[in-house]
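Breakdown of the fold
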Amino acid sequence: MNTNPAGNGELGQRPASGPIVPKTASEALRPEAGTPPPKRSRASRSQVVVFMNFVISLVMLMVLAAGVALYFGKQEFTEAGPSANGDTFLVKPNTGVQDIAEQLERRGLISDARVFRLGVRAFGNDSALKAGEYEIKPRASMRDIMELLKSGKSVMYSLTVPEGLTVEQALQRIADEPALSGDMPATTPPEGSLATDTLRFTRGATRQQMVDKLLADQKKLVEDVWQRRAPDLPLANVEEFVTLASIVEKETGKGDERSRVAAVFLNRLAKGMRLQSDPTIIYGLFGGKGKPADRPIYQSDIQKQTAYNTYVINGLPPTPIANPGRAALEAVANPSKTDDLYFVADGTGGHVFAATLEEHNENVARYRALQKKQADDAAKAANTTGTGDSNADKPDDVGDDSGGGDAGAAQ
């Protein structure tokens, strides 16, 4: 059966409909046109759609750029900083993050103020940075600096007021401290009214704050010790208590003999004897400035008429002669139970005590002999080296500014 409808022996099928159009050889070899693309819909040609496509593309580009910036910003925020040596950095009160960042960049402690500001904000620490002075370590990262400023661990300074300084000397130390700010008080506090202590403070604390702190601490200390005093002290009031404590403070620096020195003075007050304390001579002559280092105390100074010289006045001086510390106050409030009325330096930094004048005169004689031997030895040594001066003045020294004189003149 013939399946070729054309009846010409070719395999294939005739088109379902339409006449057969004969083609030339060139037409048969020419490629046929492809299927044309579909026409764009009316919606796809809308300006709104075009704009939205642009916006989406722009947003994606911005997100990508932000991600890149975030990545590199985080790297810069946490990597080692530019400062090889580190430095101190002061944050003043009420300083904003932007100002802090700009100051850090100017000081070479961070590489980019904007990265620091954005990093602080990203961690939610915009209002967490505290005022103070900080020690920035070498190569500290921005994050390290942020955490340090957030911690508030400022550089601390120390101001020491040793026992035995006068108010004037203590105020001079406060005035000379460069880490403090502000003026000194307009009025000078009373002698003996400042605590002897070491104060810790941050840069920018005021001098008035230091004085107020020392005044408050000394007032509290004196009141506390006075409340715990022995019941039979021959002292009329707390002012006399502080005055005697200041004399004890200047007479000895040895903790194990303060209460015994206090007992001598209290025993003499109880008997109506003059205190005869060398440091009161010095205060009467030089006041709160203290004795100049090159000015010896002469024998003639003992009889100088001043309101403080306890060799010529009865009882206590009108005011303290220094700021007494806790140990001196405690010694006067609860002195040793002795009959001692005299003491004199022993030549080794301490004192020897006596209950009678005869015993005291023997102690003084031994001390004078020791002084003479020391002077002779020094003169021999000086002559050996060729630096001696046989015509040098030799003042009669009865004490020095640190105390150590005798209570009770030898007779």
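Residues numbered from 1 in each chain as written. Predicted model: local features only at pLDDT ≥ 70, side-chain atom pairs only at ≥ 80, totals over all residues. Heavy atoms only, no water.

With respect to the pattern of salt bridges
Counted by the stated rule, this structure contains 15 salt bridges. A salt bridge links Glu-133 to Arg-203; the nearest nitrogen and oxygen atoms lie 3.0 Å apart. Pair noted here: Glu-133 is in strand 2 (residues 132-136) and Arg-203 is in the loop between strand 4 (198-202) and helix 7 (207-227), with a separation of 70 residues, a long-range link. Note on Arg-203: relative accessible area 32%, which makes it partly exposed. In this structure, Lys-219 engages Glu-223 in a salt bridge whose closest nitrogen and oxygen atoms are separated by 2.8 Å. Within this pair, Lys-219 and its partner Glu-223 are both found in helix 7, separated by four residues, close to a single helical turn. Judged by its relative accessible area of 40%, Glu-223 is partly exposed. (Salt bridge = Lys/Arg side-chain N within 4 Å of Asp/Glu carboxyl O. Helix = DSSP H or I, 4+ residues; strand = E, 2+ residues; numbered from the N terminus. Buried < 20%, exposed > 50% of the residue type's maximum accessible area, 1.4 Å probe, protein only.)

As for the nonpolar core
Residues Leu-235, Phe-241, Leu-244, Phe-265, Leu-316, Leu-329 and Val-332 are the most contacted members of the largest nonpolar core, which totals 30 residues. Once residues lying within four places of it in the same chain are set aside, the contact partners of Leu-235 are Trp-226, Glu-240, Phe-241, Leu-244, Leu-266, Leu-269, Leu-316 and Val-332. Membership of the second largest hydrophobic core comes to 21 residues, among which are Ala-101, Val-115, Ala-140 and Leu-149. (Core = buried A, V, L, I, M, F, W, Y, C linked by side-chain atoms within 4.5 Å. Contact = heavy atoms within 4.5 Å.)

Re unusual backbone geometry
In this structure, Asn-94 takes a positive phi of about 65° despite not being glycine. Tracing the backbone shows Asn-94 in the loop between strand 1 (87-91) and helix 3 (97-106). One non-glycine residue, Gln-276, lies in positive phi territory at about 50°. Relative to the elements of secondary structure, Gln-276 occurs in the loop between helix 9 (258-271) and helix 10 (278-286).

Brief notes about the packing of helix 3 against helix 4 (residues 113-122)
Packing of helix 3 against helix 4 leaves a shortest axis separation of 8 Å and a crossing angle of 140°. Overall, the two elements helix 3 and helix 4 adopt an arrangement that is oblique. As for how helix 3 packs across helix 4, the hand of that crossing is right-handed. The segment helix 3 lies against helix 4, with Val-97, Gln-98, Ile-100, Ala-101, Glu-102, Leu-104 and Glu-105 engaging Ala-113, Phe-116, Arg-117 and Val-120. (Axes fitted to C-alpha atoms, helices over the stretch in contact; angles between N-to-C directions. Parallel < 35°, antiparallel > 145°, perpendicular 65-115°, else oblique. Left-handed = near helix turned anticlockwise from the far one by under 90°.)

That's the geometry; what it means functionally is another story.
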